[in-house]
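Listed here are the chains, written in short residue letters.
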Amino acid sequence: LDALAASTRAAGCVVVPYAADLSDHESIREVIASILADHGRPVALVWNAAVWDETPALTLDPAAFDRQMRLGLTGAVTALQAVAPAMTAGGGGSILLTGGGLALAPEHGGPVPALTAVKSALRGFVHASAPALAAQGLRLGTVTIAGRVVPGTAFDPDNIAEAFWRLHSDPDPRIEKVFDGS
């Protein structure tokens, strides 16, 4: 984290690294409490935690599957619950979760069944929960990345970051931005 923070600082950004196991709910709560104590009310939370694991369904260890669900879905719920009170008290904010194109076409997720399940469940959670959070001044949304992230392509991380920024800053109450490279 320190090396990444140093290179990001060299590019002119303000960076304060925090370490946490994002598959551990208590670790998530603790790191968010530290960030809130150090920096105050957040304006946005971006959750982008997942594992690309090409283990077939018949040999997937249930404990590994549970960890992937905690990392990509229930960890996001824990983080959302940890930041929501501070965001709500301060007038609102955005909670943006990274979705995956496999949630749109799960029939193509055979090579990565656990990730397909995580992203499908995450998308369902966002669509089911966003209206209730909007009533509290919180934007819950997903940038669903429908392609392979590769620098220098339409799926360049900078382009994806711009999609997150647009979803956060756009007054349109849209819940999902499907990023298909355009």
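Data block above holds the structure.
All residue numbers here refer to positions counted from 1 along the written sequence of the relevant chain. Confidence filtering applies because this is a predicted model: local features only for residues at pLDDT of at least 70, side-chain atom pairs given and counted only at 80 or more, and all residues used for totals across whole chains, interfaces and linings. No hydrogens and no water enter the side-chain calculation; it runs on all heavy atoms of the structure.

### Some words on the pairing of strand β1 (residues 44-47)
- Exposure is judged per residue with a 1.4 Å probe applied to protein chains only, and the accessible area is read against the type maximum: over 50% gives exposed, under 20% gives buried, and values in between give partly exposed. Only DSSP runs of H or I covering at least 4 residues are called helices, and only runs of E covering at least 2 are called strands; the numbering of each starts at the N terminus. Here β1 shows a buried face lined by Leu 45 and Trp 47 and an unburied face lined by Ala 44 and Val 46.
- Two strands form a pair only when DSSP identifies at least two bridges running between them. Where β1 meets strand β2 (residues 93-100), four bridges bridge the pair, whose relative direction is parallel. By the bridge assignment for β2, Leu 45 is matched with Ile 95.
- Seen with the strands pointing away from the viewer, any crossover whose path from the first strand over the helix to the second strand runs clockwise is right-handed. Taking the sense of rotation as the criterion, the β-α-β connection linking β1, helix α3 (residues 62-89) and β2 turns out right-handed.

### Topic: the packing of aromatic side chains
- Within 6.5 Å between ring centres, the rings of Phe, Tyr and Trp (the latter by its six-membered ring) count as paired, and their orientation is classed by plane angle as stacked under 30 degrees, edge-to-face over 60, tilted in between. Scanning all chains against the criterion turns up one aromatic pair.
- Measuring from centroid to centroid gives 5.5 Å for Phe 155 and Phe 179, while their planes differ by 85°, and the two rings are edge-to-face. Here the residue Phe 155 occupies a position in the loop between β3 (138-145) and α5 (157-169), and Phe 179 occupies one in strand β4 (residues 176-179), the gap between them amounting to 24 residues. Phe 179 shares its class with Phe 155; the two are buried.

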